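Per-entry structural report
Each chain, letter by letter, is given below.
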Amino acid sequence: MLALRAKAGDRRALEDFVAATQPGVWRLCRFLGSPTDPDDLTQETFERALQSLHRFRGDGDARSWILAIARRVCVDATRRSARQRRLADRLIAATLAESHRDAHWLEVEELLAALDEERREAFVLTQFVGLSYEEAAEVAGVPVGTIRSRVSRARNQLLDQHARDRAATA
């Protein structure tokens, strides 16, 4: 409703829509885009959304619409990045993580980084952003069963890797 009112020119509705959707967009950009640039990716998402707001028809959920835009922003950012740039970003993110987060959170980030993009996307959408499987499927543009499968495989891979890491340090 807020998106439709914003489309009609209601500035307050636009502000409320951004405030309501920004945390989820930021989390998605943080985990699917770049851990060092979530603010920039979030800003780019809202710039794209505002430019295309006139085309939003309200056929679907506005939250899914904005998260789909955020997903495309993240994919575009990933494609633009060269392999060396991604490695440099990981080193920077690891350095920041070590100084600002405890060792457990760094371990979670490393485990997530080991997942392939599709599994990480499904896992982050459902477990970190808090979308239902149906909502995540809509954002990712795949069937619900595919999301369920990817989340299940991601969960198993994360548990297996965590167990291997624990065994190696024991």
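Residues numbered from 1 in each chain as written. Predicted model: local features only at pLDDT ≥ 70, side-chain atom pairs only at ≥ 80, totals over all residues. Heavy atoms only, no water.

1. Things to note about the overall build of the protein chain
Helix and strand counts for the protein chain come out as 9 helices and 0 strands. The order of helices and strands in the protein chain, counted from the N terminus, is α-α-α-α-α-α-α-α-α. Burial status across the protein chain gives 37% buried among its 170 residues. For the protein chain, the accessible surface area stands at approximately 9,900 Å², while carbon and sulfur atoms represent 51% of it. (Helix = DSSP H or I, 4+ residues; strand = E, 2+ residues; numbered from the N terminus. Buried < 20%, exposed > 50% of the residue type's maximum accessible area, 1.4 Å probe, protein only. Areas by Shrake-Rupley, 256 points an atom, 1.4 Å probe, with all protein chains shown as cover.)

2. As for the packing of aromatic side chains
Under the definition given, this model contains 2 aromatic pairs. Aromatic side chains Phe 31 and Phe 128 sit 4.7 Å apart centroid to centroid with 35 degrees between the ring planes, which places their arrangement in the tilted category. Taken together, the residues Phe 31 in helix α2 (residues 11–33) and Phe 128 in helix α7 (residues 117–128) connect sequence positions 97 residues apart. On the basis of relative accessible area, Phe 128 is assigned to the partly exposed category, the value being 23%. (Phe/Tyr/Trp six-rings, centres within 6.5 Å; stacked < 30°, edge-to-face > 60°.)

3. Section: the packing of α7 against helix α8 (residues 133–140)
Two elements in contact, α7 and α8, have axes separated by 9 Å at closest approach and are oriented at 135 degrees. In this view, α7 runs oblique relative to α8, as classed from their interaxial angle. Of the two elements, α7 crosses α8, and the hand of that crossing is right-handed. Facing α7, whose interface residues are Glu 121, Leu 125 and Thr 126, α8 presents Tyr 133, Ala 136, Val 139 and Ala 140. A class-by-class count of the residues in the contact of α7 with α8 yields 5 nonpolar, 1 polar and 1 charged. (Axes fitted to C-alpha atoms, helices over the stretch in contact; angles between N-to-C directions. Parallel < 35°, antiparallel > 145°, perpendicular 65-115°, else oblique. Left-handed = near helix turned anticlockwise from the far one by under 90°. Contact = heavy atoms within 4.5 Å. Nonpolar A, V, L, I, M, F, W, Y, C, P; charged D, E, K, R; others polar.)

4. Overview of helix α4 (residues 62–80)
Taking 1.5 Å per residue as the helical rise, α4 with its 19 residues ought to reach 27 Å, and the 27 Å between its terminal C-alpha atoms agrees with that figure. Listing the buried residues of α4 in full gives Ala 62, Ser 64, Trp 65, Ile 66, Leu 67, Ala 68, Ile 69, Ala 70, Val 73, Cys 74, Ala 77 and Thr 78. (Expected span 1.5 Å × (residues − 1).)

5. Let's talk about the confidence of the model for the protein chain
When pLDDT is averaged along the protein chain, the result is 83; 85% of the residues meet or exceed 70. Across the protein chain, the secondary-structure element scoring lowest on mean pLDDT is helix α5 (residues 83–100), at 59, and the one scoring highest is α8, at 93. (pLDDT = per-residue confidence, 0-100.)

6. What to know about the side chain of Arg 120
Counting through the fold element by element, Arg 120 comes out in helix α7. It turns out Arg 120 is buried and unbridged, and the closest side chain with the opposite charge, Glu 117, is 5.1 Å from it. Filtering out sequence-adjacent residues up to four positions away, Arg 120 remains in contact with Phe 31, Leu 32, Leu 112, Ala 113 and Leu 115. (Lys, Arg positive; Asp, Glu negative; His and termini not counted. Salt bridge = Lys/Arg side-chain N within 4 Å of Asp/Glu carboxyl O.)

7. Here we look at the nonpolar core
Of all hydrophobic cores here, the largest spans 40 residues; its most connected members are Val 25, Leu 28, Trp 65, Ile 66, Leu 67, Leu 131 and Ile 147. Those elements that place two or more of their residues in this core are α1 (2–7), α2, α3 (38–52), α4, α6 (103–114), α7, α8 and α9 (144–169). Of the residues forming this core, the biggest block, 9 residues, is contributed by α4. Among residues more than four places away in sequence, those in contact with Leu 28 are Gly 33, Leu 67, Ala 70, Arg 71, Cys 74, Leu 125 and Val 129. (Core = buried A, V, L, I, M, F, W, Y, C linked by side-chain atoms within 4.5 Å.)

8. Topic: the packing of α7 against α9
One way to put it is that α7 packs onto α9 with a least axis distance of 8 Å and a crossing angle of 100 degrees. Here α7 is positioned roughly perpendicular relative to α9, judged by the angle of their axes. Facing Glu 118, Arg 119, Glu 121, Ala 122, Phe 123, Thr 126 and Gln 127 of α7, the residues of α9 in contact are Ile 147, Arg 150, Val 151, Arg 153, Ala 154, Arg 155, Gln 157 and Leu 158. Each residue belonging to the contact of α7 with α9 can be placed in one class, and the counts come to 6 nonpolar, 3 polar and 6 charged.

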